[in-house]
Amino acid sequence: MFSATTVIAVLSITPSPPTAFALALVRPPLHQRQNVFSYSSTALRLTPMDRPKDDSDSNADSPRIRRDSDESIDSLIGKRAALKKKAVANIKPDDMKPSRRELQDLSEESIQKFIEESGTSWSSVDDVKKWFETDGAMPELKTKRRTAEGEDGKEKKSADYLFMDYDANYEDENELHIPNRIGFSTCDWGDSSKGFVSGKLKKSDRKDGKFNKSDLKKAYEKLVNNGINFIETSESYSFAEQILNTFIDEITCDDDYKPMIASTFSNPWKLAWKSKSLPRRGAKAIVNAAEESAKRLGVDSMTLYQVQNPKLYIGGTKAIANGMLDIIGDDHSRYVGCKDWSIEKLAKLVYLFKEIDGGEFVATNQFEFSITNRKNLKMIEACKKLGITPICRNVLDGGLATGKYTTVNPTGDKAPQKEGDMGPFKMKKLESLDVLFKVMDKIAEDAGKRVGGKLKTLTLAGKRVPKINKDITAAQVAIKYVQAEGGVPIIPVNNLQDANNILGVIGWDLDEKDVEKLDKACEQCGV
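Below, the discussion takes up the overall build of the protein. Each helix and strand in the protein was counted, giving 17 helices and 12 strands. Taking all 527 residues of the protein together, 50% fall into the buried category. In the protein, once contacts between residues fewer than 6 apart in sequence are set aside, the share between residues at least 24 apart is 77%. A total of about 26,300 Å² of accessible surface is found on the protein, and carbon and sulfur atoms cover 50% of it.

Next up, the structure:
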């Protein structure tokens, strides 16, 4: 009854309970969460995980402890002694304190008896009441403390990581679960034209947005150990798969939270043009490509393998379907998906999957979508109807959706490159989005206040609390908007700052009114 329980604390800004998504071409519902505890529109939600199974849990449906029952008190002490014998690591006497419900069912005399016989840090009934009133009876948040070997061969303490899956329970997903409903992309890794430098960097290089392998490693480690472990890559991303391979080998993760790698079969015609060879064709070519990607990544099997829309593929859609199914059958990837496929082609592929092998399915479709470019909004709706997870890239629209570039600040705080430099976007475009940017700034400010206010009111009596961002930016509002519309955003990450910006979007949500305001602003701006 008092066994150590790992829980996830989730900061939410949603006022309404979850609802199942409709199987129709309508906007998917904003939130699909199932909560144990729910407070107000900004709430700390607790969800039990990995509850140890013992004899005390087998009668979970039995009546709670009866008031003034000496047998119940003896049972409490007995269970505590039994747990102690099991030598559970890092268990302190305070961890064995009764829960809120159990306290409610005990008289003051019974509580005093428990204090005297159990050896907790409580000294009086008043201590219990004070602890109870400050939410101290909430379960403990546990973290994985990682260690590294020092120069003397002994372990030295390193950063504490807290893997949090804040969206563990939402209904509008298929079998493929992406933790925190967000991922990051390696599209710039190894590409010198995108700022990658193979050696050391100068201070001036970093100011220019350049990065090296060391920057990538720090960002990768920060993300995968803090709840964002869905990683998008491709055979066409320079040396991204090889770089990712080294990080997977060098950085140890808990078995339950290992990186979820999603690689891609790139357009065969573009590859043929670059390599001056015949285009790949047939089912076998797709299988071979997946096998080669797995080898470059150094993994036995990937989580997801995507096939980019080839426009015209030699062998037809049926050959693609057979190839994708063979990838699963040969265990090169657990799931398969698409990239930039039209609604019509997706529907045909789904039909072929059912016709060829009724047991497997098209897991994802990746495409561009952002708050400043909503052309694919109907694609999200269609994916939901087909049971496909929509993965959205370019969610910051090349920087336009960050809100940094405005008519007042067209260069985004950057020094003009030359005389007359007005930044990367035309003034006319920025003028058309003025209303949207102002709404985004206001929502970021209000959401930050709500988050900060709720965190101040919740004290977990010495327990570890997950760090949830309250300095919310317009760019983070743009990312949350993609999630609110039903998409899974993937954002390019090249350094630790990029990683921290992404981590700043987990643990809180836009509420319905926020999304309505953003929708209205988008329509007013012609987006």
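With that settled, the discussion passes to the sheet that holds strand 5 (residues 183-185). Around the barrel, eight strands lie side by side as 5-6-7-8-9-10-11-12; this closed barrel has parallel pairing. Averaged over all neighbouring strand pairs, the angle between strand axes comes to 30°, with direction disregarded. Where strand 5 and strand 12 (residues 488-492) come together, three bridges link them in parallel fashion. Within strand 12, the residue paired with Phe184 across the bridge is Ile491. Against the sheet, helix 11 (residues 343-356) contacts strand 9 (333-339) and strand 10 (362-368), and its axis sits at roughly 165° relative to strand 10.

Looking now at the packing of helix 11 against helix 12 (residues 377-386). Packing of helix 11 against helix 12 leaves a shortest axis separation of 11 Å and a crossing angle of 10°. Relative to helix 12, helix 11 is oriented roughly parallel. Residues Ile343, Leu346 and Ala347 of helix 11 touch helix 12, and the partners they reach there are Lys378, Met379, Ala382, Cys383 and Leu386. Residues of the contact of helix 11 with helix 12, tallied by class, amount to seven nonpolar, no polar and one charged.

As a further point, take the environment of Asn174. Relative to the helices and strands, Asn174 resides in the loop between strand 4 (155-161) and strand 5. Along the sequence, Asn174 and Gly387 sit 213 residues apart, while their C-alpha atoms lie 6.3 Å from each other. Each residue touching Asn174, except ones within four places of it in the same chain, is listed here: Phe361, Val362, Ala363, Gly387, Ile388 and Thr389. A distance of 2.9 Å separates a polar side-chain atom of Asn174 from the backbone oxygen of Ala363.

The subject of this paragraph is the nonpolar core. Membership of the largest hydrophobic core comes to 95 residues, with the highest contact counts inside it found for Phe184, Trp189, Tyr220, Ile371, Leu436 and Leu518. Apart from the residues within four sequence positions on either side, Ile371 is in contact with Ala401, Leu436, Met440, Ala478, Tyr481, Leu518, Cys522 and Val527.

This brings us to a nonpolar patch on the surface. A cluster of nonpolar side chains, contributed by Trp269, Leu312 and Ile314, occupies part of the molecular surface with about 300 Å² of accessible area. Secondary-structure assignment places Leu312 in the loop between strand 8 (302-308) and helix 10 (316-329). The exposure class of Leu312 is exposed, given its relative accessible area of 58%.

Of all the seven residues making up strand 10, six are buried; the element is thus mostly covered by neighbouring parts of the structure. Here strand 9 runs beside strand 10; their pairing, made up of four bridges, is parallel. Its bridge partner being in strand 10, Gly337 is matched across the sheet by Thr364. In this fold, the crossover linking strand 9 to strand 10 by way of helix 11 has right-handed handedness.

One number sums up the size of the largest pocket: a volume of about 1,800 Å³. What lines the largest pocket is a set of 50 residues, and nearest its centre among them are Gly399, Thr402, Lys404, Lys414 and Asp498. Contributing elements (two or more residues each) for the lining of the largest pocket: helix 5 (203-207), helix 15 (474-484), strand 12 and helix 16 (496-503). Class assignment of the residues belonging to the lining of the largest pocket gives a composition of 15 nonpolar, 20 polar and 15 charged.

Turning to unusual backbone geometry, a few remarks are in order. Residues apart from glycine generally show negative phi values, whereas peptide bonds are mostly found in trans. Of note, the phi angle at Ser238 is positive, near 40°, even though the residue is not glycine. Inspection of the secondary structure assignment puts Ser238 in the loop between strand 6 (230-232) and helix 7 (240-250). For Ser238, a relative accessible area of 34% corresponds to the partly exposed category. Positive phi is not limited to glycine here, since Asp340 has a value of about 65°. Looking at where Asp340 falls in the secondary structure, it is placed in the loop between strand 9 and helix 11. The partly exposed category is assigned to Asp340, whose relative accessible area is 30%.

A few words on the pattern of salt bridges. Going through the model one piece at a time under the given rule, you end up with 16 salt bridges. In this structure, Lys295 engages Glu292 in a salt bridge whose closest nitrogen and oxygen atoms are separated by 3.8 Å. Note that Lys295 and Glu292 are positioned in helix 9 (residues 282-297) at a spacing of three residues, about one turn of the helix. A salt bridge links Asp340 to Arg393; its shortest N-O distance comes to 2.8 Å. Here Arg393 lies in strand 11 (residues 389-393) and Asp340 lies in the loop between strand 9 and helix 11, a separation of 53 residues in the sequence. It is possible to trace a salt-bridge network through shared partners that takes in Glu175, Arg334 and Glu360.

Position of Ser266 among the secondary structure elements: in the loop between strand 7 (260-265) and helix 8 (268-275). The exposure class of Ser266 is buried, given its relative accessible area of 7%. On a C-alpha basis, the gap between Ser266 and Ile286 in space is 9.7 Å, while along the polypeptide they are 20 residues apart. Aside from chain neighbours lying at most four places away, what touches Ser266 is Glu235, Ser236, Arg280 and Gln308.

It is worth spelling out the confidence of the model for the protein at this point. Reading predicted coordinates in detail is not appropriate for stretches of low pLDDT. Averaged over all residues, the pLDDT of the protein is 77; the fraction at 70 or higher stands at 66%. Low confidence marks residues 1-70, where pLDDT is under 50. Its contacts with residues over four positions away, or in another chain, come to 188 contacts. Considering only residues more than four positions removed or in separate chains, one finds that residues 79-96, a stretch of pLDDT under 50, has 22 contacts.

Turning next to the side chain of Thr186. For Thr186, the location among the structural elements is in the loop between strand 5 and helix 5. At 2.9 Å, the side chain of Thr186 forms a polar contact with the side chain of Thr233. In this structure, Thr186 is in contact with Ile231, Glu232, Thr233, Tyr237 and Ala240, ignoring residues within four places of it in sequence.

Before going further, it helps to spend a moment on the pairing of strand 9. The element strand 9 is largely enclosed, with a buried count of six among its seven residues. Two elements, strand 8 and strand 9, share six bridges in a ladder whose sense is parallel. By the bridge assignment, Gln308 is partnered in strand 9 with Lys339. As a crossover connection, the stretch from strand 8 through helix 10 into strand 9 is right-handed.

Criteria and cut-off values
- Every chain is numbered on its own, with residues counted from 1 as its sequence reads.
- Only residues with pLDDT of 70 or above have their local features reported here, since the model is predicted, and side-chain atom pairs are shown and tallied only from 80 upward, although totals for entire chains, interfaces and linings are computed over all residues.
- With hydrogens and water excluded, all non-hydrogen atoms of the structure serve as input to the side-chain values.
- Put simply, DSSP marks the helices as runs of H or I at least four residues long and the strands as runs of E at least two long, and each gets a number from the N terminus on.
- The buried label applies to any residue whose accessible area, calculated with a 1.4 Å probe on protein chains only, is under 20% of its type's maximum; exposed applies above 50%, and partly exposed to all values in between.
- Should any heavy atoms of two residues lie within 4.5 Å, those residues are considered in contact.
- Methods summary: accessible areas were calculated by the Shrake-Rupley approach with a probe of 1.4 Å, and residue burial reflects only the protein chains presented.
- Two strands are counted as paired when DSSP detects at least two bridges linking them.
- In this analysis, axes come from line fits to C-alpha atoms, helices being fitted only over the stretch in contact, and the angle between any two N-to-C directions falls in the range 0 to 180 degrees.
- By definition in this entry, angles of less than 35 degrees are roughly parallel, angles greater than 145 are roughly antiparallel, angles of 65 to 115 are roughly perpendicular, and the rest are oblique.
- Following the grouping adopted for this structure description, the nonpolar residues are Ala, Val, Leu, Ile, Met, Phe, Trp, Tyr, Cys and Pro, the charged ones are Asp, Glu, Lys and Arg, and the polar ones are all others, Gly among them.
- Polar contact is the term for a pair of N or O atoms within 3.5 Å; when the atoms are in protein, one must be able to donate a hydrogen and the other to accept it, and sequence-neighboring residues count only if both atoms are side-chain atoms.
- Throughout this description, the term nonpolar core refers to a set of buried Ala, Val, Leu, Ile, Met, Phe, Trp, Tyr and Cys residues connected via side-chain atoms within 4.5 Å.
- Patches here: salt-bridge-free residues with over 30% relative accessible area, like charges joined within 9 Å, nonpolar side chains (Val, Leu, Ile, Met, Phe, Trp, Tyr) joined within 5 Å.
- We define a salt bridge as a contact between a side-chain nitrogen of Lys or Arg and a carboxyl oxygen of Asp or Glu at a distance within 4 Å.
- Viewed with both strands pointing away, a crossover whose connecting path from the first strand over the helix to the second turns clockwise is right-handed.
- Here a cavity denotes grid points, spaced 1 Å and computed from the protein atoms alone, that fit a 1.4 Å probe unable to get out, and a pocket denotes an open set having protein on both sides within 12 Å along at least 5 of 7 lines; residues with an atom within 4 Å of a point are the lining.
- Grid points are joined across faces, edges and corners, and a volume is the space filled by probe spheres set on the points.
- The pLDDT score gives, residue by residue, the confidence of the prediction method on a 0 to 100 scale.

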